[in-house]
Amino acid sequence: MKLLTVNFLTCSNKRCSGTSEAFPLKIEDAKLAIQEIELKPEFLRNILPRVDWNALLISTRQLGNHSLPEEKPELTEESDEVLLKSLHNVLLETEITEGKMTCGSCGHVYPIYEGIPNMLLSETEI
Amino acid sequence: MSRPEHIAPPEIFYNDEEAGKYNTNTRIQSIQAEMTERAIELLDPEGPSLLLDIGSGSGISSSIAESFGHVAVGMDISPSMLSVALESQDVEGDMLLADMGNGVPFRAGTFDGVISISAIQWLLNADKTCNVPQRRLNRFFETLYSSMKRGGRAVMQYYPESDRSQQMILDTAKKCGFAGGIVVDHPESKRQKKFYLILQAGGMRALNTSEMSVEDEKVDAKKRKSKRKHEMNTREYIEHKKDLNRKRGRLSVPKDSKYSGRRRKVAF
């Protein structure tokens, strides 16, 4: 599961949606892998305004990566390749293959297996 | 043949055997591919987009969306189908094991667009005592609406059981804030008829569903047959069929050589 997706994913429980503790989901016991993907500059320009930078900082720090700047970088027309490539690497190429995500509000643990998170809830939680 | 929804809930109906069909059955694959391309055409995205693929299954629709330059996130309730998608390695995007009737678990304004192929009719089933179809429909459309950016479009191909199911789905979508309608391709043909629910989440783009249908082309049966006979002798077709048979595990497939597909002298 890519870090880009973690930046958008919330808890499935309807009582949690909207609360600030439910997003981003807390990542633990994560195994990472790098999956090489073709660079998509147009897509990055499209999606960057929607990326929650604070949440991204929280998630990357939970994974042990402290290399991102505190402020969201600006992507202008002449933005250099290096910036694009590093954003691309963090958001689209870093995969969480195993691990678990916990909701800060209800405590539900979502396991990640083979890169796929299990977002199903038990009958009592629906 | 009874409808799949009447046989079992989706996570049970799509077991390993059924999921395997999506890998080997070329007819299923070509129909799903055609519907995906039509859905993306109706979606009319403005550049490389983040798309949600509901009921992504074996990943056919997600990988086609990716071939158009988009990034797709898929969700499906069947672990067997997701396994098939993982093994095929055709899908670059993420996939989630999730129940759409329980909502779309993404924060507000996430997606540029949404596609769904042959999935949402499964919402109308009450296959567990805790499942109330109307409640599931509500939860699905509410959360879908909020997860889309303003002006985003959702195109969902599905198989409605009756006019009543169509109405229920459209009414619920509208109650949750969507504008839109249903496009029917090939309305005259019983076999080829396809229903696409097109919804727009606010925004200023015009949506005129009455102008979007594809009418039937009356293809002469004779013309159709002769076209197929022509195709069958080409070398390409023969190699394609040989590949398929090798993939299916047949051991006696003849090897390719310079004689494959060569015109033989008429014996009689």
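Residues numbered from 1 in each chain as written. Chains lettered and ligands numbered in written order. Predicted model: local features only at pLDDT ≥ 70, side-chain atom pairs only at ≥ 80, totals over all residues. Heavy atoms only, no water.

1. A closer look at the pattern of salt bridges
Residues and elements named next belong to chain B. Heads up, the condition is: Criterion for a salt bridge: a side-chain nitrogen of Lys or Arg within 4 Å of a carboxyl oxygen of Asp or Glu. Secondary structure follows DSSP: runs of H or I at least 4 residues long count as helices, runs of E at least 2 residues long count as strands, and numbering of each begins at the N terminus.
Tallying each qualifying case throughout the model produces 19 salt bridges over all chains. The partner of arginine 38 in a salt bridge is glutamate 41, with the nearest N and O atoms 3.1 Å apart. Taken together, the residues arginine 38 and glutamate 41, both in helix 3 (residues 26-43) and three residues apart, mark about one turn of the helix. Salt bridges sharing common partners tie together Lys242, Asp243, Arg246 and Asp256.

2. Section: the domain arrangement of chain B
This is how it is decided: An automatic or database domain assignment supplies the start and end points of every domain.
Under the domain assignment used here, chain B contains domain 1 (4-201) and domain 2 (222-257). A straight line from the C-alpha centre of domain 1 of chain B to that of domain 2 of chain B covers 33 Å.

3. Brief notes about the interface of chain A and chain B
Quick note on the threshold: Contacts are assigned to residue pairs that have any heavy atoms within 4.5 Å of one another. Buried area is calculated as the accessible area (1.4 Å probe) missing from two parts once they are joined, with the contributions of both summed. Think of a polar contact as two N or O atoms within 3.5 Å of one another; within protein, one of them needs to be a possible hydrogen donor and the other a possible acceptor, and neighboring residues in sequence only count if both atoms come from side chains. All amino acids are sorted into three groups, where Ala, Val, Leu, Ile, Met, Phe, Trp, Tyr, Cys and Pro are nonpolar, Asp, Glu, Lys and Arg are charged, and the leftover types, Gly among them, are polar.
Across the contact, 34 residues belong to chain A and 29 residues belong to chain B. Where chain A abuts chain B, roughly 2,600 Å² becomes buried across the two surfaces, and 58% of that area is made up of carbon and sulfur atoms. When residues of chain A are sorted by the area they lose upon contact with chain B, Phe8, Arg50 and Ile116 of chain A head the list and together hold 23% of the total. Our enumeration of links across chain A and chain B arrives at three salt bridges. If you look at where chain A meets chain B, you find 14 residue pairs in polar contact (both at pLDDT 80 or more). Elements with a contribution of two residues or more to the side of chain A that touches chain B: helix 1 (3-6), helix 2 (41-47) and strand 4 (116-117) of chain A. At four residues, the largest contribution of residues to the side of chain A that touches chain B is made by helix 2 of chain A. In terms of residue class, the side of chain A that touches chain B is made up of 16 nonpolar, nine polar and nine charged.

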